[in-house]
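For reference, the chains in residue letters:
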Amino acid sequence: IVTNARHTKSINDFVLKVNATHDNLISFGSLHPDYENNIEEIKRLKENGILGIKFHPVYQNCPVDSEKFIKLINLVVDNGMYALFHAGDDPGYPGNDYSSIDRIINMLNQVHDETRIILAHLGGLFRFEEAYEMIAGRNVYLDTAMCFDKCYYKDGSTRDLIDEELFYKFIERHGSKKILFGTDNPWTKADKMVEYVNNLKISKEDKENILYKNACRILNIEY
């Protein structure tokens, strides 16, 4: 994540290096609303095969529905790239609403192409009921990063994540073809999350869509 505009190029240099040297990794780039050369950076990333941009409005200290953020998001989607967002609360920044569901909704109502938007944490970390009511069913992708099991804190405390029955309702309303598998590693482990999905009482087709088919489709990977 580009948390400071002046680090934009160096972070994306690292992304390009990772993608060039690891056949089994695909990284997204990152951009900051305050960076002066976002148009040129988008062109550079796209020419080098980068398919999407990751944003974290809380870490980037900019509300997701601010005018400058909306302008940047539309630059990304208008260039045929995906825009992936942290959505909902962040445990490290209690009370910060820069990625709140209300702001996410306001952003979605202004973007040129919802189908290029990916919202992490099923659209609202720790706000799953609200996300289900306000976001599920829209023409966006949702991912499952840090949604299952519990959130584990360094002091030994835990916080419950999504209720399994609510996740079934997400699938019913949103459709498994628009839900992407995510882990938020190292906060939750990939193998454990795969096991969780495989143990859900959903169809084989739904499991395959979530675990890999949807990601393969948007990342242009044959399966």
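Structure: above.
Let me begin by describing the structure that accompanies this report. Keep in mind that what you see is a predicted model, and the values were worked out from it rather than measured.

1. Observations concerning the overall build of the protein
- Across its full length, the protein holds 8 helices and 8 strands.
- Its C-alpha atoms give the protein a radius of gyration of 17 Å, within 12% of the compact-globule value 17 Å for 223 residues.
- Overall, the C-alpha framework of the protein stretches about 45 × 40 × 35 Å when taken along its three principal axes.
- Evaluated residue by residue, the protein yields a buried proportion of 48% over its 223 residues.
- Residue pairs at least 24 apart in sequence account for 69% of intrachain contacts in the protein once pairs closer than 6 positions are excluded.
- Entry remark: accessible area of the protein is about 11,400 Å², with carbon and sulfur atoms responsible for 47%.
- Taken together, the 27 basic and 34 acidic charged side chains of the protein have centroids lying 3 Å from each other.

2. Digging into the side chain of S30
- The residue S30 is located in strand β1 (residues 29–30) in this model.
- Take S30: its relative accessible area is 2%, and that puts it in the buried class.
- Among the polar contacts made by the side chain of S30, one reaches the main-chain carbonyl oxygen of K54 at a distance of 2.9 Å.
- Leave out the neighbours within four places in its chain, and S30 touches I1, V2, T8, N12, I53, K54 and Q60.

3. Quick look at the packing of helix α1 (residues 8–21) against helix α2 (residues 38–47)
- One way to put it is that α1 packs onto α2 with a least axis distance of 11 Å and a crossing angle of 5°. One finds that α1 runs roughly parallel with respect to α2. Judged by residue contacts, T8, K9, N12, D13 and L16 of α1 engage E41, R44 and L45 from α2.
- Taken together, the residues of the contact of α1 with α2 sort by class into 2 nonpolar, 2 polar and 4 charged.

4. Overview of the pattern of salt bridges
- This model, assessed by the stated rule, comprises 11 salt bridges.
- In this structure, K68 engages D34 in a salt bridge whose closest nitrogen and oxygen atoms are separated by 2.7 Å. One end of the pair, K68, is in helix α3 (residues 67–78); the other, D34, is in the loop between β1 and α2, with 34 residues separating them in the sequence.
- Among the ionic contacts, a cluster of salt bridges with common partners joins K9, D13, E41 and R44.

5. What about helix α8 (residues 204–218)?
- Given a rise of 1.5 Å per residue, 15 residues ought to cover 21 Å, and the 20 Å separating the end C-alpha atoms of α8 matches this to within 8%.
- Of all the bends found along α8, the most pronounced is centred on I210 and spans about 55°.
- Those residues of α8 not exposed but buried are D206, K207, N209, I210, N214, C216 and I218.
- Looking at the buried side of α8, the elements it contacts are β3 (82–85), β4 (117–119), β5 (141–143), α6 (164–174), β8 (179–180) and α7 (190–198).

6. Some thoughts on the packing of aromatic side chains
- Per the counting criterion, the structure on display carries 9 aromatic pairs.
- Between Y82 and Y141, the aromatic rings sit 6.3 Å apart at their centres with planes inclined by 70°, giving edge-to-face as the arrangement. On the criterion of sequence distance, the pair formed by Y82 in strand β3 and Y141 in strand β5 is long-range, its members being 59 residues apart.
- An aromatic cluster is present here, built from F55, F69 and F85 joined pairwise through their rings.
- Lying over the aromatic face of F126, R159 brings its terminal NZ or CZ to 3.8 Å of the ring centre.
- Positioned over the ring face of Y132 is R173, at 4.0 Å from the centre of the ring.

7. Notes on the nonpolar core
- In terms of nonpolar packing, the biggest core is built from 55 residues, with F85, M107, I117, L119 and F170 touching the most fellow members.
- The leading source of residues in this core is α3, at 6 residues.
- L84, A120, L180 and L219 belong to the second-largest nonpolar core, a separate cluster that totals 9 residues.

8. Considering the sheet that holds β1
- As summarised here, the arrangement of the 6 strands in space is β1-β2-β3-β4-β5-β8, forming an open sheet in which the pairing is parallel. In this open sheet, the two edge strands, each paired with only one partner strand, are β1 and β8.
- Across 4 bridges, strand β2 (residues 52–55) lies against β3 in parallel orientation. For I53, the partnering residue across the bridge sits in β3 and is A83.

Calculation notes
- Residues numbered from 1 in each chain as written.
- Predicted model: local features only at pLDDT ≥ 70, side-chain atom pairs only at ≥ 80, totals over all residues.
- Heavy atoms only, no water.
- Helix = DSSP H or I, 4+ residues; strand = E, 2+ residues; numbered from the N terminus.
- Rg over C-alpha atoms; globule rule 2.2 N^0.38 Å.
- Buried < 20%, exposed > 50% of the residue type's maximum accessible area, 1.4 Å probe, protein only.
- Contact = heavy atoms within 4.5 Å.
- Areas by Shrake-Rupley, 256 points an atom, 1.4 Å probe, with all protein chains shown as cover.
- Lys, Arg positive; Asp, Glu negative; His and termini not counted.
- Charge placed at Lys NZ, Arg CZ, Asp CG, Glu CD.
- Polar contact = N/O pair within 3.5 Å; in protein donor to acceptor, adjacent residues only side chain to side chain.
- Axes fitted to C-alpha atoms, helices over the stretch in contact; angles between N-to-C directions.
- Parallel < 35°, antiparallel > 145°, perpendicular 65-115°, else oblique.
- Nonpolar A, V, L, I, M, F, W, Y, C, P; charged D, E, K, R; others polar.
- Salt bridge = Lys/Arg side-chain N within 4 Å of Asp/Glu carboxyl O.
- Expected span 1.5 Å × (residues − 1).
- Bend = angle between axes of the 7 residues up to and from the residue.
- Phe/Tyr/Trp six-rings, centres within 6.5 Å; stacked < 30°, edge-to-face > 60°.
- Lys NZ or Arg CZ within 6 Å of the ring centre and 35° of its normal.
- Core = buried A, V, L, I, M, F, W, Y, C linked by side-chain atoms within 4.5 Å.
- Pairing = 2+ DSSP bridges.

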